[in-house]
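Commentary on secondary and tertiary structure
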Amino acid sequence: MTEFKGRGFQIEIVHRLEQGFHQVKLDIPASGKKPAVKGELIWREELAKTQPLALLSPVAKGGFIYNHKAQMPIEGSLKICDREVTFDSRRDVANLDEVKIHPGVASQLSYRWFNFGGFDKQGRLVGLDLAHSPQKGDAYWAENCVWVAEKLWLCPAVRFENDLSDLMKPWRAIDEEGRIDITFHPEGGKLVNLGPIGKYHQKCGRFRGTVVDGSGESHEIRDYYGCAECAEILTSK
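Just so it is clear, the model here is predicted, and its values are computed rather than measured.

Conventions used here
- Residues numbered from 1 in each chain as written.
- Predicted model: local features only at pLDDT ≥ 70, side-chain atom pairs only at ≥ 80, totals over all residues.
- Heavy atoms only, no water.
- Pairing = 2+ DSSP bridges.
- Helix = DSSP H or I, 4+ residues; strand = E, 2+ residues; numbered from the N terminus.
- Axes fitted to C-alpha atoms, helices over the stretch in contact; angles between N-to-C directions.
- Core = buried A, V, L, I, M, F, W, Y, C linked by side-chain atoms within 4.5 Å.
- Buried < 20%, exposed > 50% of the residue type's maximum accessible area, 1.4 Å probe, protein only.
- Contact = heavy atoms within 4.5 Å.
- Salt bridge = Lys/Arg side-chain N within 4 Å of Asp/Glu carboxyl O.

Another aspect to go through is the sheet that holds strand β16 (residues 198–212). Across the sheet, which stays open at both edges, the 9 strands sit in the order β12-β11-β10-β9-β17-β16-β15-β14-β13 with antiparallel pairing between neighbours. Single-partner strands in this sheet number two, and they are β12 (151–154) and β13 (158–161). With strand direction ignored, the average angle separating the axes of adjacent strands in the sheet is 20°. Judged from the 4 bridges that link them, strand β14 (residues 171–175) and strand β15 (residues 180–193) form a sheet pairing that is antiparallel. Across the sheet, residue I174 finds its bridge partner in β15, namely D181.

Bringing the nonpolar core into the picture now. Core analysis: the largest hydrophobic core is formed by 22 residues, its most contacted members being F114, L128, L130, I182 and I221. Counting residues per element, this core draws most heavily on strand β17 (residues 218–233), at 4 residues. Counting residues in hydrophobic clusters, the runner-up holds 12 residues, among them I11, V24, V37 and I74.

The next point concerns the environment of I174. Position of I174 among the secondary structure elements: in strand β14. Residue classification places I174 among the partly exposed residues on the basis of a relative accessible area of 23%. In sequence terms I174 and V158 are 16 residues apart; their C-alpha atoms lie 5.3 Å from each other. When sequence neighbours within four positions are dropped, the list of residues in contact with I174 reads A157, V158, R159, E161, I180 and D181.

The pairing of strand β4 (residues 37–44) with strand β6 (residues 63–80) spans 7 bridges and is antiparallel. From the neighbouring strand, E40 faces β6, where its bridge partner is S77. Relative to strand β7 (residues 83–87), β6 is paired through 5 bridges, and the arrangement is antiparallel. Across the sheet, residue L78 finds its bridge partner in β7, namely V85. Here β6 folds back onto β7 in antiparallel fashion, the turn holding 2 residues, of which C81 has a positive phi close to 60°.

Two side chains that carry opposite charge are able to pair once their charged atoms sit near each other. Enumeration over the complete set of coordinates arrives at 17 salt bridges. For E143, the salt bridge is made with K69, and the minimal N-O distance between the two is 3.4 Å. Here the residue E143 occupies a position in the loop between β10 (125–132) and β11 (145–148), and K69 occupies one in strand β6, the gap between them amounting to 74 residues. With a shortest N-O distance of 4.0 Å, E161 and R172 are connected by a salt bridge. Within this pair, whereas E161 is found in strand β13, its partner R172 is found in strand β14, the two being separated by 11 residues in sequence. By relative accessible area, E161 is classed as partly exposed at 40%. Take R172: its relative accessible area is 31%, and that puts it in the partly exposed class. If you follow the salt bridges from partner to partner, you end up with K69, D97 and E143 in one network.

Right, here's the structure in full:
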């Protein structure tokens, strides 16, 4: 368990992959213009029901990136100020995106990234993870994959289209094999200014389009919620 405590606040993070779940407890009081946040959330990562993506990618000069990603049903509740949101594992999906980066790699790579999940009309969990870095060959970004129920399939390399002057406009990811055509419609997000290194953008919003899995089945994506990232690195060492 990882625990953070301060003046009046407490955060607990528990990872129990061997038992099939991850848990977060929050109790943060209001401070100035910042609202109070309180809740308990449980992500269900049952390996018998869904296959995670576990990947070690070589990048830069002797560096590496480790990824553990999974689409997971989520349950619990989260209260922000006076508004409480309840999560139902039969309806709602969360993504675990654990990344460990070799020192120096983060300051050398620009990239684009999509990740989303949801339930289709048959009640199957469907999710997608896509990434591309213009500074490296596609083999370095082999994390592209699609989840359908308990199965994970690898996807081909993709190219991203977005307007860097206005990242609230739609983004698009497509591949050369005709298996992936996804458009992301941002609804909000954040910008982290990295000074002379560059900028990091993270957006949340809805995804629409189609993706064909490894069995040849086509999946229509209708307003699945998820996250997109864009890192623009201006210098490399």
